[in-house]
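Analysis of the macromolecular model
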Amino acid sequence: MISLQDLPIPENLVYVIASVFGLLTFSTLLVALMRRGKADEVHKELWLRVKSWWYMAGIFTFAIAINRTLSVIFLALLSFLALKEYLSMIPTRRADHRVLFWAYLAIPIQFYWVYAGWYGMFIIFIPVWVFLFLPFRMVLLGETQGFLRAIGTLSWGLMMTVFALSHAAYLLVLPESALVELAPATAIRQFDKSGAGLLFLLMVLTQFNDVAQYVWGKMIGGPKIIPKVSPGKTWAGFLGGMLSTSLLALVLGPLLSPMSLMMAGIGGAIIALAGFIGDVTISAIKRDLGVKDTGSTIPGHGGLLDRLDSLTYTAPVFFHYIRYFYY
Amino acid sequence: MINQLLRALFILLIVRPLVLLAMGLNIRRRELLPVQGPAVIVANHNSHLDTLVILSLFPLKLLPKVRPVAAADYFLKNPLLAWFALNIIGIIPVQRATRGGNPLASSFDALQRGEILIIFPEGSRGNPEELTRFKKGVALISKKFPAVPISPLFLHGLGKALPRGEAVFVPFFCDAFVGAPRYWSGETESFIQDLEQQMSELATEGRFPVWE
């Protein structure tokens, strides 16, 4: 019989993960009940979405629960898939074939800095070195037609899908002892095992906020925030989501992170705001390109970027919030 | 036997991970692909990756039957490539410049054995992501085997991932749109035209970003 102490993740996280799967079970039963005795098309999209949540939660839990190396590799893979989706979606130049190859190469390097815990390099590699190198490589090709658009879209894509998302991974390697020193008395005594709890907290709050904003928006409706970009986003949804996410953060924050009750509440609100911005930013890109979804990887959700859109903003913002105050 | 095993392992361990992870496949109407031979898949040709993607679409059980028809002058020019093309990719070599005899004879034999042929009627990879006129071979095959279904398959993205003349692979999503199978119509010229028309229609299904 193995005890919870033997698991590679902190005990608290085990309970939180169990609750997430409990919630998922509840939602699945709810949707199944709504569909009972009806034609297959009724709420089909919702059903696909719930099914996909099981896969995503399952894969993610597996990836963070085994060990830190696997978690970093998993997040690097996520970045890779996101960049691939982005580059497949936007106009690119045939001449830039090799430049794109170099852009992809930035992913393993960036996540190596994460793995090694080399913060100084992690934080400048893409915004400085890759940012300076790619246009240089592009210039060597000698193709000036569409140069600005090509380098602009590539640099922005790398910042969003690789640099921003890699902040989620860096939560895993934040110095362990800081947590124990700052909050020795709280329930996070098990936290020293890894930063998996912080990463899980970010993911759960971000995804919960997406769902909460959607549900509140559907239930109340009302005036829209930016109808030209995202017609579904209402003030009611945004504020309802922010309230729900902050409440959830009040419960989970002190359990999984060194945050006090107040800081956790503020953290939740910050995630809600950043998540909203990330969501509408990707929406604007989709509008510009004239596509409905960024891809078709996740049934019921669309592409990977349709799911990771909020995370491109919440990951760096939450990371710097918690790093500034606690590490 | 050992070659069949190597071929299955190559598809399972190298091609499928490459197609699913390094590229990513967005396939529409997969159910229209033939589930048994004899049959013919007609695809547009942009990249060496085309053949690999098509091979990855079939279940391993069916794999020994799936045979790409490919140019002998290109793939049999050196012994190592020839071994790989013949045994691992499983090509049916066809002489592009005929020196007497029917260049399609080996394709006819394969259909007689109940195999599934992959044909690129554009004849060459050409400029990536551009459709060109079809050659007549596929009509001659259909004429001889009027009961064999000819399934068009439109591929996009592979020419971006590995265009002709590039040695470096760059990941891009790949779209594969399967069209309804068609049969011999009775006339070569119109058969080819209809097939080209169907392929162009499949191409318009996708919303592809500019790439030039």
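Everything below is about the structure printed above this text.
Summary of the structure given here. Everything numeric here is computed off the predicted structure, so don't read it as measured data.

Comments concerning the interface of chain A and chain B
Facing 21 residues of chain A, the contacting portion of chain B comprises 14 residues. Those elements that provide at least two residues to the side of chain A that touches chain B are α3 (68-89) and α4 (97-116) of chain A.

Considering the packing of helix α1 (residues 11-35) of chain A against helix α8 (residues 196-220) of chain A
Residue and element names in this part refer to chain A. Closest axis-to-axis distance for the α1/α8 pair is 10 Å, and the angle between their directions is 25°. The pairing of α1 with α8 is recorded here as roughly parallel in orientation. As α1 runs across α8, the sense of the crossing is left-handed. Contacts between α1 and α8 involve Asn 12, Leu 13, Val 16 and Val 20 on the former and, on the latter, Ala 196, Gly 197, Phe 200 and Val 204.

Structural notes on unusual backbone geometry
Residue and element names in this part refer to chain B. That bond from Gly 37 to Pro 38 is cis: its omega, -5°, falls within 30 degrees of zero. If you check the backbone angles, Arg 29 has positive phi at about 60° while not being a glycine. Given 15 C-beta atoms within 10 Å, Arg 29 falls into the partly exposed group.

Section: the nonpolar core
Membership of the largest hydrophobic core comes to 137 residues, with the highest contact counts inside it found for Leu 165, Leu 199 and Leu 202 of chain A together with Val 40 and Ile 41 of chain B. Sorting elements by how many residues they give to this core places α8 of chain A first, with 12 residues. Among residues more than four places away in sequence, those in contact with Val 40 of chain B are Leu 117, Ile 119, Val 138, Ile 141, Val 148, Ile 150 and Ser 151 of chain B.

A closer look at the sheet that holds strand β6 (residues 150-156) of chain B
Strand pairing in a sheet takes place through backbone hydrogen bonds and is either antiparallel or parallel in direction. Residue and element names in this part refer to chain B. Judged by pairing direction, the sheet is mixed, and its 7 strands sit side by side in the order β1-β7-β6-β2-β5-β3-β4 without closing on themselves. Both edges of this open sheet fall to β1 (25-28) and β4 (92-94), since each of them pairs with a single strand only. Direction aside, the axes of adjacent strands within the sheet are offset by 25° on average. In terms of strand pairing, strand β3 (residues 66-71) meets strand β5 (residues 116-119) through 3 bridges, oriented parallel. Opposite Arg 67, over in β5, you have Leu 117 as the bridge partner. This element, helix α5 (residues 105-112), spans β3, β4 and β5 of the sheet and lies at about 155° to β4.

Cut-offs used in this document
Residues numbered from 1 in each chain as written. Chains lettered and ligands numbered in written order. Predicted model: local features only at pLDDT ≥ 70, side-chain atom pairs only at ≥ 80, totals over all residues. Contact = placed C-beta atoms within 7 Å. Helix = DSSP H or I, 4+ residues; strand = E, 2+ residues; numbered from the N terminus. Axes fitted to C-alpha atoms, helices over the stretch in contact; angles between N-to-C directions. Parallel < 35°, antiparallel > 145°, perpendicular 65-115°, else oblique. Left-handed = near helix turned anticlockwise from the far one by under 90°. Buried ≥ 20, exposed ≤ 12 C-beta atoms within 10 Å, placed from the backbone. Core = buried A, V, L, I, M, F, W, Y, C linked by C-beta atoms within 7 Å. Pairing = 2+ DSSP bridges.

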